[in-house]
Amino acid sequence: MIILNFELTDQQKLIRRNVRKFANDILAPVAPIFDKEATFSQKIFEKLAEINAWGIQLPEEYGGAGLDSISYTLIIEEIARVCASTALTLTVHNSVGAYPIYKWGTEEQKARFLTDLARGRKIAGFSWTEPNAGSDAAAIETTAVQEGDHFILNGSKIFVTNGGIASVMLIGAKFLTDDGQKGIGAFIVERDMKGYEIGPPEDKLGMRGNITTSLYFHDVEIPIENVLGNLSDGFKIAMDALNVGRIGIAAQALGIAQAAFEHSIEYSKGRIQFGRPISSFQGISFKLAEMSAKIDAARLLVYNAAFLKDQKRDISKASATCKYFASKIAREISQEAIQIHGGYGYMKDLPLERYYRDSKVTELYEGTNEIMKLIISRKILGK
Ligand SMILES: Cc1cc2nc3c(=O)[nH]c(=O)nc-3n(C[C@H](O)[C@H](O)[C@H](O)COP(=O)(O)OP(=O)(O)OC[C@H]3O[C@@H](n4cnc5c(N)ncnc54)[C@H](O)[C@@H]3O)c2cc1C
């Protein structure tokens, strides 16, 4: 029997407290620098390894923390509350990067990759989008042509999160086998493979502390042992990974919204205009009330999707719903937070404009919000 229980367990509360402290102590000083200089720090990656943030849900036998999905969302939210870019690096690595190898990989693949990924010795990514294939994920043009015991990969990918730093990349390609079979496959491609070229970092609006690049494949030789799952299951694997990934993106959006909200409360209580704190004006306090209601609703949707995932239920609608809603309210709340801060909110001395810039992309990646509505409406209409 499933009991409706909104209370976090003692362990989940402890995790949230510890990660909040880590984020405040370790990430807060560097987050504005990462944003300004569009960079990241290997030292921070090592500190993230110390708190087991690279293998949040991987089993302990692979060096992971073996945590449940609610704990996962708490960790991503708390990191994003302080540094959304670092939360992006982590959530892509943990969800669409490492998770599919754990879920669909052979024992040999798990042994080869998961411990390094869980310990943060290697970073993972997921690379599907191409110049002519974004929302239409089945339109990819990268090819993998079999030649005996390996595939030859040719093509290019764009907008690859962790592109410049990941050593293990899950890549979608149209395959052609020796005996003429065709379809879409998921391949584990390693950065040190010959012919794997990384483009320069993209100059982005937000999430500037996370590296996004293009990738180019020139006759990359991929051993057959690097095919993930059944060769023809590539699209299914990608959709499963994205269903899981979207919960992390929603948690990330929630963290940004929470940060913007907390700053707004604090500031509105201290800022005096017309002889009173601006929080005493209904025009401001109602904004805070609206933020609060939106965050509460988003958080419940995120927890619901995480809960359903742990129950091994179909999460496609729940993950699309929480991603759609949390990303939308993160953009709205970070925009309203600037309004509450007036002109100061527009200046780079405060983090409000960073939250606003960081929030936007949560409505785009791992499926745009139009695509989230497509997924939700198809479910509602039974298509
Ligand atoms: C910073 C960043 C990081 C990213 N990281 C990754 C990554 O790590 N791996 C990866 O594979 N991809 C990544 N992406 C790509 C991202 O997932 C795509 O940008 C996204 O899926 C949209 O594809 P597109 O940009 O080609 O837009 P398009 O698909 O061309 O869409 C353009 C517009 O048309 C709308 N649209 C398209 N089809 C429909 C439809 N059927 N109904 C209604 N509206 C529609 C879209 O919603 C959008 O508003 C990243 C993108 C960014 C910006």
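Predicted model, so just to flag it, every value in this text is computed and none were measured.

Draft legend 1. Main features of the packing of aromatic side chains. Under the counting rule described, the total for this entry stands at 6 aromatic pairs. Centre to centre, the rings of F45 and W54 are 5.1 Å apart; their planes meet at 80°, and the pair counts as edge-to-face. For F45, a relative accessible area of 7% puts it in the buried group. Accessibility expressed as a relative area gives 0% for W54, which makes it buried. Seen in terms of ring centroids, F274 and F281 are 6.2 Å apart; in terms of plane orientation they differ by 80°. Their pairing is edge-to-face. By relative accessible area, F274 is classed as exposed at 79%. The class for F281 is partly exposed, based on a relative accessible area of 22%. Within the aromatic cluster, the residues linked to one another by ring pairs are F40, F45 and W54. The ring of W128 has K157 lying over it, and the distance from NZ or CZ to the ring centre is 5.8 Å.

Draft legend 2. The arrangement of unusual backbone geometry in detail. Look at N52: it is not a glycine, yet its phi comes out positive at around 60°. Along the chain, N52 falls in the loop between α3 (42–50) and α4 (69–82). Classification of N52 by relative accessible area gives partly exposed; the value is 22%. In the Ramachandran plot, E366 falls in the positive-phi region, its phi being about 55° despite a non-glycine side chain. Following the sequence through the fold, E366 ends up in the loop between α10 (352–360) and α11 (369–380). The exposure class assigned to E366 is buried, which follows from its relative accessible area of 12%.

Draft legend 3. Examining the domain arrangement of the protein more closely. When its domains are assigned, the protein resolves into domain 1 (10–123), domain 2 (125–235) and domain 3 (242–380). Counting each side, the surface lost to burial between domain 1 and domain 2 is near 2100 Å², with a carbon and sulfur contribution of 64%. For domain 1, the biggest contributors to the area lost against domain 2 are Q109, F113 and I123; these three give 23% of the whole. There are 1 salt bridge connecting domain 1 and domain 2. Between R112 and E190 there is a salt bridge whose closest N-O contact spans 3.3 Å. Inspection of the domain 1/domain 2 interface yields 11 residue pairs in polar contact (both at pLDDT 80 or more). Contributions of two or more residues to the side of domain 1 that touches domain 2 are made by α2 (31–37), α5 (84–104) and α6 (107–118).

Draft legend 4. Fine view of helix α1 (residues 10–27). The end-to-end C-alpha distance of α1 is 25 Å, a good match for the 26 Å that 18 residues give at a rise of 1.5 Å each. Along α1, the positions that sit buried rather than exposed are Q12, I15, V19, F22, A23 and L27. End-on view of α1: buried residues confined to an arc of 95°, all on one side of the axis. Facing away from the buried side of α1 by over 90 degrees, the exposed positions are D10, R17 and K21. As for α1, its buried residues are in contact with α2, α3, α4 and α5.

Draft legend 5. Summary view of the site of the ligand. Lining the immediate environment of the ligand, one finds 17 residues, of which T129, S135, F159, T368 and E370 sit closest. Contact between the ligand and W128: an oxygen atom at 2.8 Å from a main-chain N or O atom of the residue. At a separation of 2.6 Å, an oxygen atom of the ligand approaches a polar side-chain atom of T368. Relative to its free-state accessible area of 970 Å², the ligand is covered by the protein chains to the extent of 64%. Using a 2 Å cut-off from the grid points, one finds that the ligand occupies the largest pocket.

Draft legend 6. Here's a closer look at the pairing of strand β1 (residues 124–127). Residues A124 and F126 line one face of β1 and the alternating positions G125 and S127 line the opposite face, and both faces are buried. Alignment of β1 against strand β4 (residues 168–176), held across 4 bridges, turns out to be parallel. Paired with G125 across the strands is M169, a residue of β4.

Draft legend 7. Highlighting the layout of surface pockets. There is about 1200 Å³ of room inside the largest pocket. Taken together, 44 residues make up the lining of the largest pocket; nearest its centre are T129, L364, Y365, E366 and G367. Within the residue set of the lining of the largest pocket, elements represented by two or more residues are α5, β1, β3 (150–161), α7 (234–270), α10 and α11. Per-element accounting of the lining of the largest pocket gives the leading share, 6 residues, to α7. Counted by class, the lining of the largest pocket contains 22 nonpolar, 11 polar and 11 charged residues. One number sums up the size of the second largest pocket: a volume of about 520 Å³. Along the wall of the second largest pocket there are 21 residues; nearest its centre are Y99, K103, V244, K309 and K312. Contributing elements (two or more residues each) for the lining of the second largest pocket: α5, α7 and α8 (282–310). Take the lining of the second largest pocket: its biggest share by element is 6 residues, from α5. Across the lining of the second largest pocket, the residue classes break down as 10 nonpolar, 5 polar and 6 charged. Mapped onto the domain boundaries, the lining of the second largest pocket takes at least three residues apiece from domain 1 (10–123) and domain 3 (242–380).

Reading the values: rules and limits
- Residues numbered from 1 in each chain as written.
- Predicted model: local features only at pLDDT ≥ 70, side-chain atom pairs only at ≥ 80, totals over all residues.
- Heavy atoms only, no water.
- Phe/Tyr/Trp six-rings, centres within 6.5 Å; stacked < 30°, edge-to-face > 60°.
- Buried < 20%, exposed > 50% of the residue type's maximum accessible area, 1.4 Å probe, protein only.
- Lys NZ or Arg CZ within 6 Å of the ring centre and 35° of its normal.
- Helix = DSSP H or I, 4+ residues; strand = E, 2+ residues; numbered from the N terminus.
- Domains from an automatic or database assignment.
- Buried area = accessible area lost by both parts, 1.4 Å probe.
- Salt bridge = Lys/Arg side-chain N within 4 Å of Asp/Glu carboxyl O.
- Polar contact = N/O pair within 3.5 Å; in protein donor to acceptor, adjacent residues only side chain to side chain.
- Expected span 1.5 Å × (residues − 1).
- Arc of directions from axis to C-beta.
- Contact = heavy atoms within 4.5 Å.
- Near = heavy atom within 4 Å.
- Areas by Shrake-Rupley, 256 points an atom, 1.4 Å probe, with all protein chains shown as cover.
- 1 Å grid on protein atoms, 1.4 Å probe; cavity = no way out; pocket = protein on both sides within 12 Å on 5 of 7 lines; lining within 4 Å.
- Sits in = over half its atoms within 2 Å of the grid points.
- Pairing = 2+ DSSP bridges.
- Points joined across faces, edges and corners; volume = space filled by probe spheres on them.
- Nonpolar A, V, L, I, M, F, W, Y, C, P; charged D, E, K, R; others polar.

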